[in-house]
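Below are the chains, spelled out letter by letter.
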Amino acid sequence: MAEEEGPPVELRQRKKPKSSENKESAKEEKISDIPAPERVPKRVYELTHNNKTVSLKTINAVQQMSLYPELIASVLYQATGSNEIIEPVYFYIGIVFGLQGIYVTALFVTSWLMSGTWLAGMLTVAWFIINRVDTTRIEYSIPLRENWALPYFACQIAALTGYLKSNLNTYGERFCYLLMSASTYTFMMMWEYSHYLLFLQAISLFLLDIFSLKQNDKVYEVYKIYIFSLFLGYLLQFENPALLVSPLLSLVAALMLAKCLQLNVKKGSFIAKIIKVINFYLVCTLTITLNIIMKMFVPHKENGHMLKFLEVKFGLNMTKNFTMNWLLCQESLQAPSQDFFLRLTQSSLLPFYILVLIICFLSMLQVIFRRINGKSLKETVTLEDGRIGERPEIIYHVIHTILLGSLAMVIEGLKYIWIPYVCMLAAFGVCSPELWMTLFKWLRLRTVHPILLALILSMAVPTIIGLSLWKEFFPRLMTELMELQEFYDPDTVELMTWIKRQAPVAAVFAGSPQLMGAIKLCTGWMVTSLPLYNDDDLLKRNENIYQIYSKRSAEDIYKILTSYKANYLIVEDAICNEVGTMRGCRVKDLLDIANGHMVCEEGDKLTYSKYGRFCHEVKINYSPYVNYFTRVYWNRSYFVYKINTVISFQS
């Protein structure tokens, strides 16, 4: 998560009063209050030319930290006069949770549009809430960019679903197009990785077009929306080069060029089939070629580490690089655990999703083979036909969910993008008479009238699912809602309080990037690094600062810290004495591998270090460590050392 530059947040801890004299101290202690935003243009300039966050570095915080949501919230906060009614932090939280309401509503509408019944929407919402551990991180990570962006993506999906429908009237089509345009652009502005999701969506639409499942002109209208959003985003995101070198732009440009080269050939003929194959090959080749050319002529550094990470993740390369190995060790970047599938099965979501996906996928294949054999598709598919695979919006969702699911099977963190649409697709399927009718057509059911049975099952199955979910999960939800939880981390609160009261205003702190992000947010003090992974310089800084947990000399650590003008060093006991569950994934292990102090693979050379681990040695207070560092504060979790400017080597 990228920590936001902006107004400091507050930390509170709950204390139990011991006597009447200290009742005042037992009240909630606020580290800092969030000031009401004033002089927006000036504050925006300070964010775009920020030299008060990271030492020796001026950054465009709006671009690097994707602070567009915060800027919009700030404008709304002032424009609505909310600064006289509510504190900024609660206004901010209210907007984020309001967006989650829009998110769920968009899923509701999408499922309703696909199935034709509101019952599917209700079941979608029920599954989303019950499986919220796997559908959203809003409960414990409110400022995440995805919490701002994914609601707009869900709105875009809903608009696209309506837009692809065959029986949509002109006014409805126009409304869906406008909503899709607005939500696509907004989604791209809210999240730096949004164009990768839109790239997957573009692939889905490309395959839909290749299969000749109607709506060809509509698909190309969506491509135009992508191009418009990319270039507008490029201009308004301070000429962000990542958008120009994105695979989305290369793919859409290739699709447009291929369309211009297409010949008017009778559909269904042998020549038309050959041209389809050539067109597919042409688009793939052009996409790769254009992307390579763009990267040659457009200077860019963004997301280069992502490609390196994927190479190592899929075993295409090996590395001892600390940052890459640290990312590989993150739980959210691992393959899904067994508990993940168990949770989805217990809520009945996974079994019904697999059932719906199999039926829709097989029906889609059936339609494709019919087209290959030259058979025409019906303009309007009726319930009696039992061909759910002829509906273009259904085929789009099947392809899209398979692509998202494939990625989620490799990287568990992507489940927050995939599972909401699993809820939507599963709910649509069990509530759709067309899906049941398609199944009965294959089974050639004759004992009962298939249409009647399909209508009955489309109402009975979701009702039974809903009642079982209510019985099993509703009491748990009510119990959780009754529980009042509060942040309680006295050691961190004490550290922030000490910094606010004792540290000089011009002081610069060094430590782990996660802690530095918290210090910047809670106190406003300058730091040496931040938990950002889209900047090569910051990645290098993070690796250098992490050396405080390696087997390096006091002099080496001193030189590293002073090169970033750090005045204070914070050592975290949790990292220094970390007992990792995964072998080789502790920070100190990764540092030893990168520094050659630990054998990683057979044949590696082991470099012996004559120095002990710095974070241990500096606590003992003996020379030469005391010559460079003076301990000024400590508690159970943190040790703060002042970096000496005048070094004495007297023992």
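Looking at an unreviewed UniProt entry, one finds the protein chain named Dpy-19 like 4, with Theropithecus gelada as its source organism. The annotation that UniProt attaches to the protein chain under Subcellular location (unreviewed entry) is "Membrane". UniProt lists a comment for the protein chain under the heading Sequence similarities (unreviewed entry), and it reads "Belongs to the dpy-19 family."

Attention shifts here to the packing of helix α8 (residues 170-190) against helix α10 (residues 216-236). At a closest axis distance of 9 Å, the pairing of α8 and α10 adopts a crossing angle of 35°. Here α8 and α10 pass one another in a crossing that is right-handed. Residues Glu173, Tyr177, Met180, Ser181, Thr184, Tyr185, Met188 and Met189 of α8 form the contact with α10, whose own contacting residues are Lys218, Glu221, Val222, Ile225, Tyr226, Ser229, Leu230, Leu232, Gly233 and Leu236. Considering only residue class, the contact of α8 with α10 consists of eleven nonpolar, four polar and three charged.

Residue position: serine 458 is located in helix α21 (residues 450-482). Polar side-chain contacts of serine 458 include one of 2.8 Å to the backbone oxygen of leucine 455. For serine 458, the contacting residues outside a window of four places in its chain are Leu119, Val430, Cys431, Ser432, Pro433 and Trp436.

Burial of nonpolar side chains together is a common tendency in soluble globular proteins. Grouped together as the largest cluster of nonpolar side chains are 110 residues, with contacts concentrated most on Trp127, Leu197, Leu205, Tyr223, Tyr226, Leu248 and Tyr421. Ignoring any residue separated from it by four or fewer positions in sequence, one finds tyrosine 226 in contact with Gln156, Thr184, Leu198, Gln201, Ala202, Leu205, Leu248 and Val252. By size, the runner-up hydrophobic cluster in this structure holds 41 residues, among which are Phe309, Tyr533, Leu539 and Cys615.

What follows concerns unusual backbone geometry. Put simply, serine 623 and proline 624 share a cis peptide bond, and its omega is 10°. Residue position: proline 624 is located in the loop between α28 (614-617) and α29 (625-628). Even without being a glycine, glutamate 239 presents a positive backbone phi close to 55°. A positive phi angle, close to 60°, is found at asparagine 621, a residue other than glycine. What makes asparagine 621 partly exposed here is its relative accessible area of 36%.

Reading across the sheet, the five strands line up as β2-β1-β3-β5-β4 and stay open at both edges, with mixed pairing between neighbours. The outermost strands of the open sheet, each flanked by one partner alone, are β2 (526-527) and β4 (629-634). Direction of pairing for strand β1 (residues 508-510) relative to β2: parallel, over a ladder of two bridges. Each residue of the ladder has a partner; that of valine 508, found in β2, is methionine 526. Sheet contacts for helix α22 (residues 490-502): β1, β3 (568-572), β4 and β5 (638-643); angle to β5, the most-contacted strand, approximately 25°.

Here we come to the state of the cysteines. On inspection of all chains with the given rule, the structure shows two disulfides. Residue pairing for cysteine 329: its cysteine sulfur links by disulfide to cysteine 585, the two sulfurs lying 2.0 Å apart. Between cysteine 329 and cysteine 585, the S-S dihedral sits near -75°, and the bridge is therefore left-handed. Residue cysteine 329 is found in the loop between α15 (322-328) and α16 (338-346), and its partner cysteine 585 is found in the loop between α26 (573-576) and α27 (587-594); the two are separated by 256 residues along the sequence. The exposure class assigned to cysteine 585 is buried, which follows from its relative accessible area of 16%. At a sulfur-sulfur separation of 2.1 Å, the disulfide partner of cysteine 576 is cysteine 615. Handedness here is read from the sign of the S-S torsion; for cysteine 576 and cysteine 615, about 85°, the answer is right-handed. Within this pair, whereas cysteine 576 is found in helix α26, its partner cysteine 615 is found in helix α28, the two being separated by 39 residues in sequence. By the burial criterion, cysteine 576 is buried, and cysteine 615 matches it. Among the cysteines of the protein chain that take part in disulfides, numbered as they appear in the sequence, the pairing is 1-3, 2-4.

Rules and cut-offs
Residues numbered from 1 in each chain as written. Predicted model: local features only at pLDDT ≥ 70, side-chain atom pairs only at ≥ 80, totals over all residues. Heavy atoms only, no water. UniProt positions renumbered as here; feature names shortened; annotations may be inferred. Axes fitted to C-alpha atoms, helices over the stretch in contact; angles between N-to-C directions. Helix = DSSP H or I, 4+ residues; strand = E, 2+ residues; numbered from the N terminus. Left-handed = near helix turned anticlockwise from the far one by under 90°. Contact = heavy atoms within 4.5 Å. Nonpolar A, V, L, I, M, F, W, Y, C, P; charged D, E, K, R; others polar. Polar contact = N/O pair within 3.5 Å; in protein donor to acceptor, adjacent residues only side chain to side chain. Core = buried A, V, L, I, M, F, W, Y, C linked by side-chain atoms within 4.5 Å. Buried < 20%, exposed > 50% of the residue type's maximum accessible area, 1.4 Å probe, protein only. Pairing = 2+ DSSP bridges. Disulfide = S-S within 2.5 Å.

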